[in-house]
Amino acid sequence: MKSKLKSRGKQLLLSLLGGVLASVVASFVFYLMQKQEGRPIFDVLIDFFSALLNFNELWIRGLLITLLRFLAGFAIALCLGVILGLGMGRFEAIERIFKVLVNVLRPIPSAAVIPLAMIIFPLTGNPIKIFIIAYGALWPMLYSVYKGAQDIDAMLVDTGRTLGKSEKDIFIDIVFPATLPAIMTGARVGLGIGLLLAVTAEMLSMGDQTGIGYLIIDYERSFKFPAMFAAVILLGIVGWVLDIIFGWLEDKILYWHPRTQRGKTLLLGVEDSNAN
C-alpha cells in the first residue's frame, strides 16, 4: 500500500513539474512575441485567444480539413501496411515479389517524394496531400507488420495444424492475433509521421488555402504571430489527444498483452494466484 502511494505521489510530482515546464516555455514564447510586436503582453494574449477561439477559420477551415486528410491517408497506409506486411511475412512468394521494391522505396525520405507528387497530382485539392501522408505513414506500419508476422513462433502454427485447423482458421485464430502488437506499434509510429506530413504537405502545396499547415504559413507571412502560435499549440494538443486515444484503443484491443495496462494487471493477478 505504501509503495503504491509513493508511486502515485511520484507520478503526481512529475506531472506538476511537466506543467510548470510547459508554463515556463509558453511564457517565454509570449515574451518573445511581445518583444517582436512591440505591444503590451495583454494585447498579445487577447490576439492569441481570439485566434484560438476563431472556430470558423482555425478549427473548421484549418484543423478539420487537416484531420480529414490525415485520416484518409492514414487509413490507406494502414490497410496497405497490414495486408502487404502480413503477405510478405507469411508467404515467401509475396516476399520475393515485393522485398526489393520495399527495400528501395522505404529509405527514401517522405520530403523527397513531395516534388514527384507535385508532378503527378494537381497542386490544389486533396489527392496530393493524401498521397504524401499515406506514403510516409506506410513504411513503419509495413515493416513492423512484416517483421511481426515473420517472427511468429512456428510451434503455434504447427499446433494449430495438429489440432486440425485449416489455413484460414490458423490465419484468423493464430497469425493475426499474434501480429496485432506489431500492427499497433507500426500504426502508432505512423500516426505521428502522418500528422507531421499532413501539415508539411499543406505548407508546401501551392494554391490551396485550407488546412492548419497553410494557416500557420499564412499567419507567419502576415506577421500574425499570436495567431500562428495559437495554430501551433492547437496542433500539438490534437497530436497529444490522438496519442491518448490510440493508447486507449491499444489497451482495449491488446488487453491480453503484457505491455498494456490491463495486460500487466492480468499478469500480476496470475502471478499472485500462483504464488498463493
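Data block above holds the structure.
Computed from a predicted structure; not experimentally measured.

It is not clear to me how unusual backbone geometry should be interpreted in this structure. Could you clarify?
It is generally the case that most residues other than glycine have a negative phi and that most peptide bonds are trans. For Phe223, which is not glycine, the phi dihedral falls at a positive 60°. Among the secondary structure elements, Phe223 is positioned in the loop between helix 9 (212-221) and helix 10 (225-253).

Teacher, can you tell me more about the packing of helix 7 (residues 154-162) against helix 8 (residues 167-204) here?
Think of two packed helices as two axes; the pair is described by the angle between the axes and how far apart they sit. Taken N-terminus to C-terminus, the directions of helix 7 and helix 8 make an angle of 135°; their axes are 10 Å apart at the nearest point. Comparing the axis directions of helix 7 and helix 8 gives the class oblique. Of the two possible hands of crossing, helix 7 and helix 8 adopt the one that is right-handed. Facing Leu156, Val157, Gly160 and Arg161 of helix 7, the residues of helix 8 in contact are Glu167, Ile170 and Ile174. Its residues assigned to classes, the contact of helix 7 with helix 8 comprises four nonpolar, one polar and two charged.

Any chance you could explain the packing of aromatic side chains here in plain terms?
Aromatic rings considered in pairs are described by the distance between their centres and by the relative angle of their planes. Taken as a whole, this structure holds eight aromatic pairs when the rule is applied. When the centroid spacing of 5.0 Å and the interplanar angle of 80° are considered together, the rings of Phe48 and Phe49 count as edge-to-face. When the ring of Phe223 is compared with that of Phe225, the centres are 6.1 Å apart and the planes differ by 75°; the resulting orientation is edge-to-face. A network of ring pairs unites the aromatic residues Phe121, Phe131, Tyr135 and Trp139 as a single cluster. Geometry around Tyr143 places Arg106 over its ring, the cationic atom sitting 4.3 Å from the centre.

Got a minute to help me understand helix 7 in this structure?
The periodicity of an α-helix, 3.6 residues per turn, causes residues three or four positions apart to be oriented the same way. Structurally, the start of helix 7 carries an N-cap: the backbone nitrogen of Met155 is 3.1 Å from a side-chain oxygen of Asp153. Looking one or two residues beyond helix 7, the residue adopting positive phi is Gly164, at roughly 90°.

It is not clear to me how the side chain of Ser110 should be interpreted in this structure. Could you clarify?
Checked against the element boundaries, Ser110 lands in helix 5 (residues 110-120). Residue Ser110 is classed as buried on the basis of its relative accessible area of 16%.

Help me understand the packing of helix 3 (residues 55-90) against helix 4 (residues 92-105), please; the structure alone is not making it clear to me.
Running from N to C, helix 3 and helix 4 point in directions that differ by 120°, and their axes come no closer than 6 Å. The angle between helix 3 and helix 4 places the two elements in the oblique class. Relative to helix 4, the crossing made by helix 3 is left-handed. Contacts between helix 3 and helix 4 involve Leu84, Gly87, Met88 and Arg90 on the former and, on the latter, Glu92, Ile94, Glu95, Phe98, Lys99 and Val102. When the residues that make up the contact of helix 3 with helix 4 are grouped by side-chain class, the tally is five nonpolar, one polar and four charged.

Is there a simple way to explain the nonpolar core in this structure?
Nonpolar side chains in soluble globular proteins tend to end up buried together. Counting residues in each nonpolar core, the largest one holds 32 residues, and the members touching the most others are Phe70, Phe74, Leu86, Trp139 and Leu142. Secondary structure elements with two or more residues in this core: helix 3, helix 6 (127-150) and helix 8. Beyond its immediate sequence surroundings of up to four residues, Leu86 is in contact with Gly81, Phe91, Val145, Ala149, Phe171, Val175, Phe176 and Thr179. One finds Phe48, Ala51, Leu52 and Phe229 within the second-largest nonpolar core, a separate group that totals 22 residues.

Got a minute to help me understand the pattern of salt bridges in this structure?
Pairs can form between side chains of opposite charge whenever their charged atoms are close. Taken as a whole, this structure holds 11 salt bridges when the rule is applied. We note a salt bridge from Arg69 to Asp208, for which the minimum N-O separation is 3.2 Å. Here Arg69 is found in helix 3, whereas its partner Asp208 is found in the loop between helix 8 and helix 9, with 139 residues between them in sequence. With respect to class, Arg69 is no different from Asp208; both count as buried. Within this structure, Arg69, Lys129, Glu202 and Asp208 form a network of salt bridges that share partners.

Rules behind the numbers
Residues numbered from 1 in each chain as written. Predicted model: local features only at pLDDT ≥ 70, side-chain atom pairs only at ≥ 80, totals over all residues. Heavy atoms only, no water. Helix = DSSP H or I, 4+ residues; strand = E, 2+ residues; numbered from the N terminus. Axes fitted to C-alpha atoms, helices over the stretch in contact; angles between N-to-C directions. Parallel < 35°, antiparallel > 145°, perpendicular 65-115°, else oblique. Left-handed = near helix turned anticlockwise from the far one by under 90°. Contact = heavy atoms within 4.5 Å. Nonpolar A, V, L, I, M, F, W, Y, C, P; charged D, E, K, R; others polar. Phe/Tyr/Trp six-rings, centres within 6.5 Å; stacked < 30°, edge-to-face > 60°. Lys NZ or Arg CZ within 6 Å of the ring centre and 35° of its normal. Polar contact = N/O pair within 3.5 Å; in protein donor to acceptor, adjacent residues only side chain to side chain. Buried < 20%, exposed > 50% of the residue type's maximum accessible area, 1.4 Å probe, protein only. Core = buried A, V, L, I, M, F, W, Y, C linked by side-chain atoms within 4.5 Å. Salt bridge = Lys/Arg side-chain N within 4 Å of Asp/Glu carboxyl O.

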